[in-house]
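# Structural description and commentary
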Amino acid sequence: QVQLVESGGGLVQPGGSLRLSCIASKMRFSLYDMAWYRQAPGKQRELVAQITAGRMPNYADSVKGRFTISRDNVKNTVYLQMNTLKPEDTAIYYCNSLSSNNEAIWPWGQGTQVTVSS
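Residues numbered from 1 in each chain as written. Predicted model: local features only at pLDDT ≥ 70, side-chain atom pairs only at ≥ 80, totals over all residues. Heavy atoms only, no water.

## Let's talk about the overall build of the protein
- What the protein contains, in helices and strands, is zero helices and 10 strands.
- The order of helices and strands in the protein, counted from the N terminus, is β-β-β-β-β-β-β-β-β-β.
- Each principal axis of the C-alpha atoms in the protein carries an extent, and together these give about 40 × 25 × 25 Å.
- Every one of the 118 residues in the protein was classed for burial, and the buried ones make up 41%. (Helix = DSSP H or I, 4+ residues; strand = E, 2+ residues; numbered from the N terminus. Buried < 20%, exposed > 50% of the residue type's maximum accessible area, 1.4 Å probe, protein only.)

Here it is in structure tokens:
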């Protein structure tokens, strides 16, 4: 079964930075579009950033210019560099592969908690 393991979250002050990582196993990673999602308390999970198999990125308006998604097909890892963090970025962050319908494909991992607070 495909496994997705997210890491890199933590507590950071507003304006700070974090780099999230997601290692995928038991899948042909290089063939899939990958994405980062987040879910804040009491809210639905939302798509934050995505990167195609061809490395084309796309971002939600709320993070555009602050977040950068990238991938390493040798390490089967997708990254999310988050700069200029805001309190509203506080959430659990998850990664997943995207179908042709832009839906998450695999069972969700445990996610990684990002808390932005002074």
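## Topic: the environment of Tyr79
- Tracing the backbone shows Tyr79 in strand β8 (residues 77–82).
- Tyr79 sits in the buried class, given a relative accessible area of 11%.
- For the pair Tyr79 and Trp36, spaced 43 residues apart in the sequence, the C-alpha separation amounts to 8.6 Å.

## Some remarks on the environment of Gln113
- Mapped onto the secondary structure, Gln113 falls in strand β10 (residues 112–116).
- Remark: the alpha-carbon pair of Gln113 and Leu20, spanning 93 residues in sequence, is separated by 10.0 Å.
- Among residues more than four places away in sequence, those in contact with Gln113 are Gly9, Gly10, Thr90, Ala91 and Ile92.
- Side-chain polar atoms of Gln113 contact the side chain of Thr115, separated by 3.3 Å. (Contact = heavy atoms within 4.5 Å. Polar contact = N/O pair within 3.5 Å; in protein donor to acceptor, adjacent residues only side chain to side chain.)

## Some remarks on unusual backbone geometry
- In this structure, Arg55 takes a positive phi of about 70 degrees despite not being glycine.
- Mapped onto the fold, Arg55 is located in the loop between β5 (46–51) and β6 (57–59).
- Within the chain, Asn102 stands out as a residue other than glycine whose phi angle is a positive 60 degrees.
- Position of Asn102 among the secondary structure elements: in the loop between β9 (91–98) and β10.

## Focus: the sheet that holds strand β1 (residues 3–7)
- Read across the sheet, four strands follow the order β1-β3-β8-β7 without closing on themselves; strand pairing throughout is antiparallel. Because the sheet does not close on itself, it has two edges, and the strands there are β1 and β7 (67–72). Adjacent strand axes in the sheet meet at a mean angle of 15 degrees when their direction is disregarded.
- Here β1 runs beside strand β3 (residues 18–25); their pairing, made up of five bridges, is antiparallel. Residue pairing for β3: Gln3 is matched across the bridge by Ser25. (Pairing = 2+ DSSP bridges. Axes fitted to C-alpha atoms, helices over the stretch in contact; angles between N-to-C directions.)

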